[in-house]
Amino acid sequence: MWELIGRTDLPESDDRYLQQFPDADFVFEEVIPAIEGWSSQRPKWEVAGRLTEIGFSMGVTQSVADLADCPQLEARGMYVSTSDTLGGSFRSLATPLRLTACEQAPAETPPKLGEHNAEILCTLGGLTPEQLSTLEADGAV
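These notes cover the structure that comes with them. (Residues numbered from 1 in each chain as written. Predicted model: local features only at pLDDT ≥ 70, side-chain atom pairs only at ≥ 80, totals over all residues. Heavy atoms only, no water.)

Describing the nonpolar core
Residues Trp 2, Leu 4, Ile 5, Leu 10, Tyr 17, Phe 26, Val 31, Ala 34, Trp 38, Val 47 and Leu 51 constitute the largest nonpolar core, which totals 11 residues. Contributing elements (two or more residues each) for this core: helix H2 (24–39) and helix H3 (44–53). A total of four residues in this core trace back to one element, the largest contributor, which is H2. Dropping the residues within four chain positions of it, Tyr 17 is found in contact with Trp 2, Leu 10, Pro 11, Phe 26, Glu 30 and Val 31. (Core = buried A, V, L, I, M, F, W, Y, C linked by side-chain atoms within 4.5 Å. Buried < 20%, exposed > 50% of the residue type's maximum accessible area, 1.4 Å probe, protein only. Helix = DSSP H or I, 4+ residues; strand = E, 2+ residues; numbered from the N terminus. Contact = heavy atoms within 4.5 Å.)

And the structure:
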């Protein structure tokens, strides 16, 4: 690893750089900063690839930007474009669960705040239209 990151001077100056299980303080104070100095100058995919090649088991933590441009997610239909309530559109994640013989839910414009209050309160909420009118008049809804 020290050869990979261009720091062969480190094990020459202190044999703890070659120990399999060095002291935790040494690792946090010396080893990690040396690796970070190298890795911070390279793309994360390169760092993961190079370290994996020499036997480290690791992966890359992807950012939202990485996921937004992920060809695998695109190929699996994980994105959906839908309209917003202001006349524009946006791209978001589709439902990740795919059930056999079930239709995918359509990508619809989300409702405006309070748009379905009457329907929800008078069905699921059990209110009558008169009760809802009273609540609206009182400013509760």
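There is more to say after this.
Digging into the layout of surface pockets
The space that makes up the largest pocket amounts to roughly 290 Å³. As for the largest pocket, its lining consists of 19 residues, of which Ala 94, Thr 95, Gln 104, Ala 105 and Pro 106 are closest to the centre. The volume enclosed by the second largest pocket comes to roughly 210 Å³. Met 1, Trp 2, Arg 16, Tyr 17, Leu 18, Gln 19, Gln 20, Pro 22, Val 27, Val 31 and Phe 56 together form the lining of the second largest pocket. (1 Å grid on protein atoms, 1.4 Å probe; cavity = no way out; pocket = protein on both sides within 12 Å on 5 of 7 lines; lining within 4 Å. Points joined across faces, edges and corners; volume = space filled by probe spheres on them.)

Describing the pattern of salt bridges
What the rule picks out here adds up to six salt bridges. For Arg 7, the salt bridge identified is with Asp 9, shortest N-O distance 3.0 Å. Among the ionic pairs, Arg 50 bridges to Glu 46, the shortest N-O distance being 3.3 Å. You can see Arg 50 and its partner Glu 46 sitting in helix H3, four residues apart, about one turn around the helix. Three or more residues joined by partner-sharing salt bridges are found here, namely Arg 42, Glu 46 and Arg 50. (Salt bridge = Lys/Arg side-chain N within 4 Å of Asp/Glu carboxyl O.)

Examining the pairing of strand E1 (residues 79–83)
Of the strand pairs in this sheet, E1 and strand E2 (residues 89–93) are connected by five bridges, and their pairing is antiparallel. Each residue of the ladder has a partner; that of Thr 82, found in E2, is Phe 90. Linking E1 back to E2 in an antiparallel pair, the connection comprises five residues, with Gly 87 at a positive phi of about 95°. (Pairing = 2+ DSSP bridges.)

What about H2?
Considering bend angle alone, the principal kink of H2 is centred on Val 31 and spans about 30°; proline Pro 33 follows within four residues of it. Buried within H2 are the following residues: Phe 26, Val 31, Ala 34, Trp 38 and Ser 39. Buried residues along H2 sit in contact with helix H1 (9–13) and H3. Near the N-terminus of H2, the side chain that reaches the backbone nitrogen of Asp 25, with its oxygen 3.0 Å away, is that of Asp 23. (Bend = angle between axes of the 7 residues up to and from the residue. Polar contact = N/O pair within 3.5 Å; in protein donor to acceptor, adjacent residues only side chain to side chain.)

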